[in-house]
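This is what each chain is made of:
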Amino acid sequence: MVDITDNPPVITIDGPSGSGKGTVARQVAEQLGFRLLDSGSLYRAVALASLNTRTSSEDAFAVAQIALTAPIDFVAHPETGDACVLLGGQDVTLDLRREEVGEQASKIATHVGVRDALLARQRRWCQPPGLVADGRDMGTVVFPDAELKIFLTASAEIRAKRRHKQLIEKGMSANIGSLLADIQKRDDRDYNRPVAPLKAAEDAVCVDSSQLDINQVVTKVLDLADNRL
Ligand code: DC
């Protein structure tokens, strides 16, 4: 039996942008009553802080300092209860979803100093009764001993279509061709960077969500969790 006091169970969900891992992770965490770590938001918050201070994504030292010291907090919205990210006390949840911020996040995430600075912050999330962590290196680097590791993929074309639909639903303008090009560029950077590249852990279960809806993926992960936790 897993001792949840000293060693809370962890489920990691890694995969490329737009694979649906954020939504799946949130729903799995809700169903199990576990904490949720959206590590992409942490990278995006550092990226936003670097954009706000006009720090170049290439200045590895300065960006690592931001990653170490940026006043980033995750809180529940006082009225809706939704997860919110605060930067210096200001709610930046919506800002973090901007394409420009995602692009900057992918660039600063290539620096080892940034990744090291965020490692301890991420591990602190692991508290009883358990954790669902989503990102790129949750199963390979941050929580290598996780009880269940999922690697969630979908074709770049399907991911661009999903992103397009999301933006249109939010009343934002979007061009599917440029979204696809952005996704391919970001994939290339995430999969091929020398430090903690996006890849499935050897013991991960790979799930291709191209032909599945979110509920089907959530059910699959919960079934797997049932057997492992
Ligand atoms: O999941 P996301 O799109 O919100 O992540 C934004 C960027 O942050 C992504 O391009 C790569 C980086 N990232 C990372 O390198 N490692 C993580 N664990 C999470 C995100």
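The coordinates are above.
Residues numbered from 1 in each chain as written. Predicted model: local features only at pLDDT ≥ 70, side-chain atom pairs only at ≥ 80, totals over all residues. Heavy atoms only, no water.

**Here we look at the overall build of the protein**
Next, step 1: Broken down by element type, the protein carries nine helices and eight strands.
Next, step 2: What you see for the protein is a C-alpha radius of gyration of 17 Å, in line with the 17 Å of a compact globule of 229 residues.
Next, step 3: Projecting the C-alpha coordinates of the protein onto the three principal axes gives extents of approximately 50 × 40 × 35 Å.
Next, step 4: Across the 229 residues in the protein, those meeting the buried criterion constitute 46%.
Next, step 5: Here the contacts in the protein between residues at least 6 apart in sequence split such that 75% fall between residues at least 24 apart.
Next, step 6: When the accessible surface of the protein is summed, it comes to about 11,600 Å², and 51% of that surface belongs to carbon and sulfur atoms.
Next, step 7: In the protein, which carries 27 positive and 32 negative side-chain charges, the distance between the mean positions of the two groups comes to 4 Å. (Helix = DSSP H or I, 4+ residues; strand = E, 2+ residues; numbered from the N terminus. Rg over C-alpha atoms; globule rule 2.2 N^0.38 Å. Buried < 20%, exposed > 50% of the residue type's maximum accessible area, 1.4 Å probe, protein only. Contact = heavy atoms within 4.5 Å. Areas by Shrake-Rupley, 256 points an atom, 1.4 Å probe, with all protein chains shown as cover. Lys, Arg positive; Asp, Glu negative; His and termini not counted. Charge placed at Lys NZ, Arg CZ, Asp CG, Glu CD.)

**Some words on the sheet that holds strand 3 (residues 72-76)**
Next, step 1: Spatially, three strands are ordered 3-4-5 in an open sheet, and the strand pairing comes out antiparallel. In this open sheet, the two strands that pair with only one neighbour each are strand 3 and strand 5 (90-91).
Next, step 2: Here five bridges tie strand 3 to strand 4 (residues 83-87), and the two strands are oriented antiparallel to one another. For I72, the partnering residue across the bridge sits in strand 4 and is L87. (Pairing = 2+ DSSP bridges.)

**Some words on the packing of helix 3 (residues 60-69) against helix 5 (residues 112-123)**
Next, step 1: Between helix 3 and helix 5, the shortest axis-to-axis distance is 8 Å and the interhelical angle comes to 5°. Regarding the angle of helix 3 to helix 5, the classification is roughly parallel. Of helix 5, the residues touching helix 3 (which contributes V63, A64, A67, L68 and T69) are G113, V114, A117, L118 and R121.
Next, step 2: Residues belonging to the contact of helix 3 with helix 5 are distributed by class as follows: seven nonpolar, two polar and one charged. (Axes fitted to C-alpha atoms, helices over the stretch in contact; angles between N-to-C directions. Parallel < 35°, antiparallel > 145°, perpendicular 65-115°, else oblique. Nonpolar A, V, L, I, M, F, W, Y, C, P; charged D, E, K, R; others polar.)

**What to know about the sheet that holds strand 8 (residues 205-208)**
Next, step 1: The strand order 2-6-1-7-8 describes an open sheet built from five strands, whose pairing is parallel. Taken across any chain shown, the strands that pair with only one partner, and hence form the sheet edges, are strand 2 (35-38) and strand 8. Within this sheet the neighbouring strands show an average axis-to-axis angle of 20°, counted without direction.
Next, step 2: When strand 1 (residues 10-14) meets strand 6 (residues 131-135), the two strands line up parallel, connected through five bridges. Following the sheet pairing, V10 is matched in strand 6 by L131.

**Thoughts on the site of the ligand**
Next, step 1: Taken together, 18 residues form the shell around the ligand, and within it S39, R44, R115, R136 and R193 come nearest.
Next, step 2: One nitrogen or oxygen atom from the side chain of R136 is found 2.8 Å from an oxygen atom belonging to the ligand.
Next, step 3: Between the ligand and the protein, one listed contact pairs a nitrogen atom with a side-chain N or O atom of D137 at 3.0 Å.
Next, step 4: Those elements that provide at least two residues to the shell around the ligand are helix 2 (39-52), helix 4 (99-108) and helix 8 (176-192). (Near = heavy atom within 4 Å. Polar contact = N/O pair within 3.5 Å; in protein donor to acceptor, adjacent residues only side chain to side chain.)

**Points about helix 3**
Next, step 1: All buried positions along helix 3 are accounted for by V63, A64, I66 and A67. Each buried residue of helix 3 sits inside an arc of 155° when the element is viewed along its axis, so together they form one side. Across helix 3 from its buried face, at more than 90 degrees, point the exposed residues F61, L68 and T69.
Next, step 2: Residues of helix 3 that are buried make contact with helix 2, helix 4 and helix 5. (Arc of directions from axis to C-beta.)

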